[in-house]
Amino acid sequence: MTQYPAPREPQESEFSLAELCGDGARMAPHWVTPSVPVTAPVSPALIHGVDVPADSARLIAATPEYGA
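Described below are features of the structure shown in this document. Small disclaimer: the values here were computed from a predicted structure and weren't measured. Throughout this document, residue positions are counted from 1 along each chain, in the order its sequence is written. Since the coordinates come from a predicted model, pLDDT governs what is reported: local features require at least 70, and pairs of side-chain atoms require 80 or more to be given and counted, while whole-chain, interface and lining totals use all residues. To get the side-chain values, take all heavy atoms of the structure and skip hydrogens and water.

This part takes up the overall build of the protein. Segments assigned H or I by DSSP are reported as helices when at least four residues long, segments assigned E as strands when at least two residues long, and all are numbered from the N terminus. Tallying secondary structure elements over the protein gives two helices and zero strands in all. Relative to its 68 residues, the protein shows a buried fraction of 0%. Total accessible area on the protein is roughly 7100 Å²; 63% of this is exposed by carbon and sulfur atoms. The buried label goes to any residue with under 20% of its type's maximum accessible area, the exposed label to any with over 50%, and the partly exposed label to all in between, with areas taken from a 1.4 Å probe on protein chains only. Here the accessible surface of atoms and residues is derived via Shrake-Rupley with a 1.4 Å probe, and residues count as covered only by protein chains that are part of the display.

Shown next, in the form of structure tokens:
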């Protein structure tokens, strides 16, 4: 007779959202942002020929926020 293990109960995350936000706030001073942009913006007219892999396109299309 085959025995199947009982389903595991979902485990709660070790961290709460408040703890993660607090950690982010404490780390923010360590993140340096450049005072001037590194590159100049590109005109949308110059952007063409962007290739998206089919797997990535299917993944995004299957995401409710973006696709079906």
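Text resumes after the structure shown.
Our next topic: the pattern of salt bridges. By salt bridge we mean one thing: a side-chain nitrogen of Lys or Arg within 4 Å of a carboxyl oxygen of Asp or Glu. Evaluated as defined, the whole model comprises two salt bridges. Of the charged contacts in the structure, one is a salt bridge between Asp23 and Arg26, with a shortest N-O distance of 2.2 Å. Residue Asp23 and its partner Arg26 are both found in helix H1 (residues 17-27); the two are separated by three residues, about one turn of the helix. According to the relative accessible area criterion, Arg26 is exposed, its value standing at 56%.

Moving on to a nonpolar patch on the surface. In this analysis, a patch consists of residues with relative accessible area above 30% that form no salt bridge, clustered at 9 Å for like charges and at 5 Å for the nonpolar side chains Val, Leu, Ile, Met, Phe, Trp and Tyr. A grouping of Val42, Leu46, Ile47, Val50 and Val52 is seen on the molecular surface, where their side chains present a nonpolar patch of about 520 Å² in accessible area. Considering the arrangement of structural elements, one finds Val42 in the loop between H1 and helix H2 (54-61).

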